[in-house]
Number of protein chains: 4
Amino acid sequence: MIKVGIAGVTGYTGIELVKLISNHPGAKLCTVSSNSYKGKALTEVFPSMRGFETLICEDLSVQSLARKLDVIFLALPHKVSMQHVPQFFESKIKIIDLSADFRFSDALAYESAYQEHTAKHLLKESVYGLCEIYKDKIKAAGLIGNPGCYPTSILLPLIPLLKENLIQPAGIISDSKSGVSGAGRSLSLSSHFCEVNESFAPYKIGNHRHTPEINEILSLQSRQKISITFVPHLLPLTRGMLSTIYADAKNDTSEDTIREAYASYYGEEPFIRILKKMPSRQFPMSKEPIPVISEFIFVKKQIKSSLFPPLTTS
Amino acid sequence: MIKVGIAGVTGYTGIELVKLISNHPGAKLCTVSSNSYKGKALTEVFPSMRGFETLICEDLSVQSLARKLDVIFLALPHKVSMQHVPQFFESKIKIIDLSADFRFSDALAYESAYQEHTAKHLLKESVYGLCEIYKDKIKAAGLIGNPGCYPTSILLPLIPLLKENLIQPAGIISDSKSGVSGAGRSLSLSSHFCEVNESFAPYKIGNHRHTPEINEILSLQSRQKISITFVPHLLPLTRGMLSTIYADAKNDTSEDTIREAYASYYGEEPFIRILKKMPSRQFPMSKEPIPVISEFIFVKKQIKSSLFPPLTTS
Amino acid sequence: MIKVGIAGVTGYTGIELVKLISNHPGAKLCTVSSNSYKGKALTEVFPSMRGFETLICEDLSVQSLARKLDVIFLALPHKVSMQHVPQFFESKIKIIDLSADFRFSDALAYESAYQEHTAKHLLKESVYGLCEIYKDKIKAAGLIGNPGCYPTSILLPLIPLLKENLIQPAGIISDSKSGVSGAGRSLSLSSHFCEVNESFAPYKIGNHRHTPEINEILSLQSRQKISITFVPHLLPLTRGMLSTIYADAKNDTSEDTIREAYASYYGEEPFIRILKKMPSRQFPMSKEPIPVISEFIFVKKQIKSSLFPPLTTS
Amino acid sequence: MIKVGIAGVTGYTGIELVKLISNHPGAKLCTVSSNSYKGKALTEVFPSMRGFETLICEDLSVQSLARKLDVIFLALPHKVSMQHVPQFFESKIKIIDLSADFRFSDALAYESAYQEHTAKHLLKESVYGLCEIYKDKIKAAGLIGNPGCYPTSILLPLIPLLKENLIQPAGIISDSKSGVSGAGRSLSLSSHFCEVNESFAPYKIGNHRHTPEINEILSLQSRQKISITFVPHLLPLTRGMLSTIYADAKNDTSEDTIREAYASYYGEEPFIRILKKMPSRQFPMSKEPIPVISEFIFVKKQIKSSLFPPLTTS
């Protein structure tokens, strides 16, 4: 039984982790921390979390946690995460960080998008937690930087096509749409019910912080400089994400070669589902419980492909 | 042409007033104030408000406003409103206050629900702005305290029934449901998209501040002490309100006597619509653009009647 | 391992059953039938239902099913259900019927609300499937008529109060609000997105077919004639239900006697959660995953209590 | 006063027309027809349409209408529209057809997307009703084929850029998102509340019937063959549309040359608003009441531009 802790348990990703871990046959949730609800039982903050009456939101103390746990999930905001990671790393607990702080291998790329990095020496220790791509490295790593939600939805469909030389590396576009939970539980006018409800809008065109994350991984995976056009939009729904991706196909690329690539990369993956070919083709819906790589189509050698993970993290 | 100003123009009631006044043939919007957007053009804050490019959000200065205006609408939070009303009142501008500060004639009732009242001497000058009931007084008044949203939805259907002795004064229940805009544009977890969306919940059972406002007006109108049971609920939609009201009918009350009462009180009112009798009966929908007093039914001498105003104010 | 079949698998209750049964450690889903999708794999109709590729939607043939199954769930429309139940009953399979056809013990009550009953002789064999109340009978029964969604939300909070003589049996009101999934997957203007979205409305006031079902069970349980006032409303959300219930308390009833009754009836029930007392009181939210009996309050000896099951069936 | 009639008044576009025409100072709504609600007063079908108690839904009889009207709006389904247009055309009433039947000048393009055209001889008489582009022709025409909703959102931003040679004509992509009202009031599983709510999905990728309409007008306007990639998506909201458009800029195109083109084409247009340049840049929101051409950005010579009309027609 793997002993698991969650730091920052009272945000949307924290509570989602509670549900996943508490239903996992090989893991046991042993400790949780929360800055905002310190001293309260988890069931007081989330009344529906039956069976966790004895789990009290603690202070985030590395030393006491290190003795009790095999794995710590950090569901903390970026910048806060990197303040705690070095100590956890030294104590040899496996760290799965859900913030942006350890997603980048290039500190400058991180710093131009976020802020000064105060634990740069650990970036080379960190593995990018995209499990379908870095499975073996993730198993061995002591520090995992979990991917952003938009990057997950864009990297999974693009990596096989770039690595197998099926699309042109230039001119890739991702038109992405996210539910509101991706912005977290912190208050802002842009997450206020009356502002979001019954509306739809793009935001941060040209300067969303997930862009350098996407480009770094695509470049590493395809061994060439990739720079995509990424336009995020906000959907009036809580949870779900869908990216519609446009790329120019190479000359000898066909629907079948693309399907073969996806089948070989993801055919056995439990969290990815590849939709059927025509005529029984179905389009992906963001509410489906399993992420999907959808049917793609060819229009004058452009390819459109969509994927969505049902859980939006940021 | 009546010269109108709006103080606190950048909240949800403020911007709604801009739309109503700017389309009104007898009124001209001359000045607006906003604490949060001081110095900005109204069109910068609300880009769709074309034609108001020259209207700049000003400081709330009574002296300069008094010279320019016939009427000032105060779309300010309670407590802030009563700080400005005395000066406006002296300057003889007509004041329409949308906060709770001048809705009560009983200062103690106000203070037990809100806070200390700092302009008590003006409570006796103020008229409760429920236009179908206090039309003549409103025309003559210098200070109008506009009703809350829940009270409007409950007072209009109950006043005729109580005044005409058609229902028992004891045991009245209003089960009321409101959209989110009634809580205004200020940030709070209870207006956060992911908390409200796809859910429905009661709140403040037994201690909502609109209860004493409802009871005061019902008691004044029916010349007896009325104390209703009021349970508010939050709907996952932006705008609209519906109250389902339960009361015990008096022995000789019939659907026809109730219909006659409503027809005589509201038959000519432009903002109230009385739904048809069976068999072509329709039920009210909160999204309808005109407030409605719906069909009522008799079950063992209980009466259920619903009204909703499409605009929720607080 | 209990071998389970589902008839009418492609409606909203059918697919929900697939999820529940497929995650149940003691049950195995062996066969499904669907009139609309005959011959298709379950995964073709519901692409997210991985692992059910070999489960084909069959014809509803009692004889072949009887050999294969221990339990059959009928997720069929009322009237259709009672055409199949007699044959299943003879074949000794346990039948759990989700339609209204076997909820009533009084055939006349059924017929006045629905239509002629064509299997009246089985009504006396059927047990009302409200598991917290009829647990032992359900275990022994060959035919179970599962409760409607509104009745579930109203019966559970009222039965302990009536049986323990804590409230007056006359004048009970349930103001109930339901999500749209309760109306099923069949098309109608009242489930059309643009009609429901951003609106809220009562419907079928005074003549909803769940009223006699509620009254029959309340009367049986409390050994007196009960006739409640029931007003259903439609919420603009998919799933969830909340009933706000009003009753007159008996003279010696207090919050504590009510809490004791609920604790003794439901304290150990896994599907019911009783919310905490003041001051840490929380109100129920329809999106919570576990049904809740909420805090109740006393206003002039009236009691308000709410319960919601997250799954709306009809 | 222009005398106006509406055929097919009880669909979503019909009722929207009632609101627009009844508020128009130069028009009078004289007659309405409806197949589904024949003989009923308009206020019976739409209770909030006060003041139209005497307007009865009539049969669609060309002869009687021709005597009474100056203009007839046909809010009918395609195929039905072209059965009535020839008679109206002979009677010299001005016809504004909201269906797809008279949008095309090329009958083959129409027939490959819809069905056989039974009034081909009138296609050359019809003017495409995109008022910002064909204003003068619309004034003079006897028959106007009103644009589809998606085409409106795509043509307005692209026409100036293509005519002024600012973008490459090849490789244009429109990733478009529509509310549900665009699909009309007819029942279908894809407009069922529970299917649409809390989800987002693309549909008809590669074969939506608005694609040939878009391509025909873009080709006519730019005097070259244009064939765009168009991917429609369904938003979980009632009303509003947003298209995010991608194109390759020509070498000497800059943001300023694009802004100049938009200012010169649309600067004076009452129904188009061009959002401000950085730094006060705002992104379009689909709920804004005035259609918008948004800020565009340059990323490696790609241009992204969005427009949305708040009224979705089909």
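In this text, all values refer to a predicted model and were calculated from it rather than measured experimentally.

Novice: What exactly am I supposed to notice about the overall build of chain A here?
Specialist: Across its full length, chain A holds 10 helices and 15 strands. Among the 314 residues that make up chain A, the fraction classed as buried is 60%. Split by element, the accessible area of chain A, about 12,600 Å² in all, is 53% carbon and sulfur.

Novice: Help me out: how do you make sense of the interface of chain D and chain A in this one?
Specialist: Many authors give the size of an interface as the accessible area that is lost as the parts come together. On the chain A side, the residues contacting the 39 residues of chain D number 39 residues. Taking both partners together, chain D and chain A bury about 3,400 Å²; carbon and sulfur atoms supply 59% of that area. Interface area lost by chain D to chain A is led by D:Glu198, D:Phe200 and D:Ile205, which between them contribute 18%. Linking chain D with chain A are two salt bridges. At the junction of chain D with chain A, the criterion picks out 12 residue pairs in polar contact (both at pLDDT 80 or more). Of all the secondary structure elements, the ones that give two or more residues to the side of chain D that touches chain A are β8 (173–178), α8 (193–196), β9 (201–202), β10 (229–234), β11 (241–248), β14 (297–299) and β15 (302–308) of chain D. Of the residues contributing to the side of chain D that touches chain A, the split by class is 18 nonpolar, 11 polar and 10 charged.

Novice: Would you mind showing me how to read the confidence of the model for chain A here?
Specialist: Low pLDDT marks stretches whose predicted atomic positions should not be read closely. Residue and element names in this part refer to chain A. This prediction gives chain A a mean pLDDT of 86; 90% of its residues lie at or above 70. Across chain A, element-level confidence peaks in strand β7 (residues 143–145) with a mean pLDDT of 98 and bottoms out in strand β14 (residues 297–299) with 45. A low-confidence stretch, residues 295–301 stays under pLDDT 50, and its non-local contacts, those more than four residues away or across chains, total 38 contacts. Confidence over residues 306–314 falls short of pLDDT 50; this stretch has 55 contacts with residues more than four positions distant or in other chains. Our summary of model confidence lists the complex with pTM equal to 0.93 and ipTM equal to 0.92.

Novice: I would appreciate a short explanation of the relation of the copies chain C and chain B in the present structure.
Specialist: The two chain copies are connected by a rotation around an axis plus a translation along it. The two copies are related by a screw motion: chain C maps onto chain B through a turn of 180 degrees and a shift of 0.0 Å along the axis, at an RMSD of 0.0 Å. One copy is carried onto the other by what is essentially a two-fold rotation axis.

Novice: So what exactly am I meant to see when it comes to unusual backbone geometry here?
Specialist: Excluding glycine, residues mostly have negative phi values, and the peptide bonds linking residues are mostly trans. Residues and elements named next belong to chain C. Look at Lys 92: it is not a glycine, yet its phi comes out positive at around 70 degrees. In this structure, Lys 92 sits in the loop between α4 (80–90) and β5 (94–97). By relative accessible area, Lys 92 is classed as exposed at 75%. We note that Asn 165 has phi near 60 degrees; this positive angle belongs to a residue other than glycine. You can see Asn 165 is positioned in the loop between α7 (149–163) and β8 (173–178).

Novice: Got a minute to help me understand the pattern of salt bridges in this structure?
Specialist: Side chains carrying opposite charge are able to pair once their charged atoms draw close together. All names here are of chain B. Tallied over the entire structure, the rule returns 40 salt bridges over all chains. Between Glu 255 and Arg 259 there is a salt bridge, with the nearest N and O atoms lying 3.1 Å from each other. Taken together, the residues Glu 255 and Arg 259, both in helix α10 (residues 255–266) and four residues apart, mark about one turn of the helix. A relative accessible area of 21% places Glu 255 in the partly exposed class.

Novice: Sorry, what's going on with a nonpolar patch on the surface here?
Specialist: On the surface, C:Leu187, C:Leu189, D:Leu187 and D:Leu189 cluster together into a nonpolar patch covering about 280 Å² of accessible area. Note on placement: C:Leu189 falls in the loop between β8 and α8 (193–196).

Novice: I keep staring at the environment of D:Ser81 and nothing clicks. Help me out?
Specialist: All names here are of chain D. For Ser 81, the location among the structural elements is in helix α4 (residues 80–90). For Ser 81, a relative accessible area of 0% gives the class buried. As a C-alpha pair, Ser 81 and Ser 64 span 17 residues in sequence and 17 Å in three-dimensional space. When residues no more than four places from it in sequence are discounted, the contact partners of Ser 81 are Leu 74, Leu 76, Asp 97, Ser 99 and Asp 101.

Novice: For this particular structure, what's the right way to read the sheet that holds strand β4 (residues 71–74) of chain C?
Specialist: The strands making up a sheet associate through backbone hydrogen bonding, with each pair oriented either parallel or antiparallel. Residue and element names in this part refer to chain C. Here seven strands make up an open sheet; going across it, the order is β3-β2-β1-β4-β5-β7-β6 and the pairing parallel. Edge positions in the sheet fall to β3 (57–58) and β6 (126–128), since each of these pairs with one other strand and no more. Inspection of the sheet shows β5 paired to strand β7 (residues 143–145) by three bridges, in the parallel sense. The residue of β7 that forms the bridge with Ile 95 is Leu 143.

Novice: For this particular structure, what's the right way to read the packing of helix α7 (residues 149–163) of chain A against helix α9 (residues 210–222) of chain A?
Specialist: Two numbers describe a pair of packed helices, the interaxial angle and the distance between the axes. Residue and element names in this part refer to chain A. The contact between α7 and α9 brings their axes to 10 Å, and the two run at 25 degrees. Between α7 and α9, the crossing angle belongs to the class labelled roughly parallel. Viewed along their axes, α7 and α9 form a crossing whose handedness is right-handed. Of α9, the residues touching α7 (which contributes Cys 149, Tyr 150, Pro 151, Ile 154, Leu 155, Leu 158, Ile 159, Leu 162 and Lys 163) are His 210, Glu 213, Ile 214, Ile 217, Leu 218, Gln 221 and Ser 222.

Novice: Where do I start with the sheet that holds strand β2 (residues 27–33) of chain A in this structure?
Specialist: All names here are of chain A. On the basis of which strands lie adjacent, the open sheet formed by seven strands has the order β3-β2-β1-β4-β5-β7-β6 and parallel pairing. Every interior strand has two partners, whereas the edge strands, β3 (57–58) and β6 (126–128), have only one. The sheet contact formed by strand β4 (residues 71–74) and strand β5 (residues 94–97) spans four bridges and is parallel. Bridge pairing in β5 links Val 71 to Lys 94.

Novice: What's the story with the interface of chain C and chain B in this structure? I'm lost.
Specialist: Contacts between chain C and chain B engage 39 residues on the former and 39 residues on the latter. In total, chain C and chain B occlude about 3,400 Å² of area from one another, counting both sides; carbon and sulfur atoms represent 59% of this. On the chain C side of the contact with chain B, C:Glu198, C:Phe200 and C:Ile205 bury the most area, a combined 18% of that side's loss. There are two salt bridges connecting chain C and chain B. A salt bridge links B:Asp175 to C:Lys177; the shortest N-O distance between them is 3.0 Å. One can count 12 residue pairs in polar contact (both at pLDDT 80 or more) joining chain C with chain B. Going through the elements one at a time, β8, α8, β9 (201–202), β10 (229–234), β11 (241–248), β14 (297–299) and β15 (302–308) of chain C are the ones with two or more residues in the side of chain C that touches chain B. Of the residues assigned to the side of chain C that touches chain B, the class counts are 18 nonpolar, 11 polar and 10 charged.

Novice: When you look at the relation of the copies chain D and chain A in this model, what are you seeing that I'm missing?
Specialist: Each copy of the sequence occupies a distinct position, and chain D is placed on chain A by a rotation of 180 degrees and an axial shift of 0.0 Å, giving an RMSD of 0.0 Å. Most of the interface of chain D is mirrored in chain A, where 100% of its interface residues again form contacts.

Novice: Where do I start with the packing of helix α7 (residues 149–163) of chain B against α10(B) in this structure?
Specialist: Residues and elements named next belong to chain B. Two numbers describe how α7 lies on α10: the axes approach to 10 Å, and their chain directions differ by 115 degrees. Accordingly, the angle class assigned to the pair α7 and α10 is roughly perpendicular. Relative to α10, α7 is oriented so that their crossing is right-handed. Listed contacts from α10 to Leu 155, Leu 156, Pro 157, Pro 160, Leu 161 and Lys 163 of α7 are Ile 258, Ala 261, Tyr 262, Tyr 265 and Tyr 266. Partitioned by chemical class, the residues of the contact of α7 with α10 number 10 nonpolar, no polar and one charged.

Novice: Could you clarify how one ought to interpret α9(A) in this entry?
Specialist: Because an α-helix completes one turn every 3.6 residues, residues spaced three or four positions apart along the sequence face the same direction. All names here are of chain A. Between its terminal C-alpha atoms α9 stretches 18 Å, which fits the 18 Å expected from 13 residues at 1.5 Å a residue. Burial of α9 is extensive: 11 of the 13 residues sit out of reach of the surface. Directly after α9, the chain includes Arg 223, whose backbone phi takes a positive value near 55 degrees.

Novice: Honestly, the pairing of strand β1 (residues 2–7) of chain C in this entry has me stumped. Any pointers?
Specialist: Put simply, side chains in a regular strand alternate between the two faces of the sheet. Residue and element names in this part refer to chain C. Bridge analysis of β1 against strand β2 (residues 27–33) gives six bridges, and the strand direction is parallel. Considered in β2, the bridge of Lys 3 is made with Lys 28. As a crossover connection, the stretch from β1 through helix α1 (residues 12–22) into β2 is right-handed. Sheet topology places β1 next to β4; four bridges connect them, and they run parallel. Paired with Ala 7 across the two strands is Leu 74, which belongs to β4.

Novice: Looking at this structure, how should I read the environment of A:Gly14?
Specialist: All names here are of chain A. With respect to the secondary-structure elements, Gly 14 resides in helix α1 (residues 12–22). Measuring from C-alpha to C-alpha, the distance between Gly 14 and Ile 56 comes to 14 Å, with 42 residues separating the pair along the chain. Not counting the four nearest positions on each side in its chain, Gly 14 is found in contact with Ile 6, Gly 8, Val 9 and Ala 75.

Novice: Just to check I follow, could you spell out the state of the cysteines for this structure?
Specialist: Such a bond, covalent and formed between the sulfur atoms of two cysteines, is termed a disulfide. Residues and elements named next belong to chain A. According to the stated counting rule, one finds zero disulfides over all chains in the structure shown. Cys 30 carries a free sulfur, and the closest cysteine sulfur to it, the one in Cys 57, is 15 Å from it. The buried category is assigned to Cys 57, whose relative accessible area is 2%.

Novice: I would appreciate a short explanation of the side chain of A:Thr43 in the present structure.
Specialist: Relative to the assigned elements, A:Thr43 resides in helix α2 (residues 42–45). Once you skip the residues sitting within four places of it in the chain, A:Thr43 turns out to touch A:Met49, A:Arg50, A:Phe52 and A:Glu53.

Rules and cut-offs
Every chain begins its residue count from 1, and numbering advances along the sequence as written. Written order decides the labels, with chains lettered from A and ligands numbered from 1. Side-chain atom pairs in this predicted model are given and counted only at pLDDT of 80 or more, local residue features only at pLDDT of at least 70, and totals for whole chains, interfaces and linings cover all residues. Side-chain descriptors were evaluated using all non-hydrogen atoms of the structure, hydrogens and water having been removed beforehand. Helix and strand assignments follow DSSP, with helices taken as H or I runs no shorter than four residues and strands as E runs no shorter than two, numbered in order from the N terminus. Type-normalised accessible area, obtained with a 1.4 Å probe on protein chains alone, sets the label of each residue: buried when under 20%, exposed when over 50%, and partly exposed for intermediate values. Reported accessibility uses the Shrake-Rupley method at a 1.4 Å probe radius. Residues are deemed covered only where the shown protein chains occlude them. Note on definitions: a residue-residue contact is assigned when non-hydrogen atoms from the two residues lie within 4.5 Å. Accessible area that two parts lose when put together, with a 1.4 Å probe and added across both, is what the buried area reports. Salt bridge, as applied in this entry: a Lys or Arg side-chain nitrogen positioned within 4 Å of an Asp or Glu carboxyl oxygen. Definition of a polar contact: a pair of N or O atoms within 3.5 Å, with one able to donate and the other able to accept a hydrogen when the atoms are protein atoms, and with sequence-neighbouring residues admitted only if both atoms are side-chain atoms. Polarity classes work like this: nonpolar for Ala, Val, Leu, Ile, Met, Phe, Trp, Tyr, Cys and Pro, charged for Asp, Glu, Lys and Arg, and polar for all others, with Gly in that last group. A residue's pLDDT is simply how confident the predictor is in it, with values from 0 to 100. Copy-to-copy superposition: least squares on the C-alpha atoms, limited to residues that have pLDDT of at least 70 in both copies. Patch definition: residues with relative accessible area over 30% and no salt bridge; like charges joined within 9 Å; nonpolar side chains (Val, Leu, Ile, Met, Phe, Trp, Tyr) joined within 5 Å. One requirement defines pairing of two strands: DSSP has to find at least two bridges between them. Axis definition: a line fit to C-alpha positions, over the contact stretch in the case of helices; interaxial angles, taken between N-to-C directions, run 0 to 180 degrees. For this classification, under 35 degrees means roughly parallel, over 145 means roughly antiparallel, 65 to 115 means roughly perpendicular, and everything else is oblique. Rotating anticlockwise by less than a right angle from the far helix to the near helix defines a left-handed crossing, while the corresponding clockwise rotation defines a right-handed one. How far a helix is expected to stretch is found by multiplying one less than its residue total by 1.5 Å. Crossovers are described as right-handed under a simple rule: with the strands pointing away from the observer, the path leading from the first strand over the helix to the second runs clockwise. By definition, disulfides here are pairs of cysteine sulfur atoms that lie within 2.5 Å.

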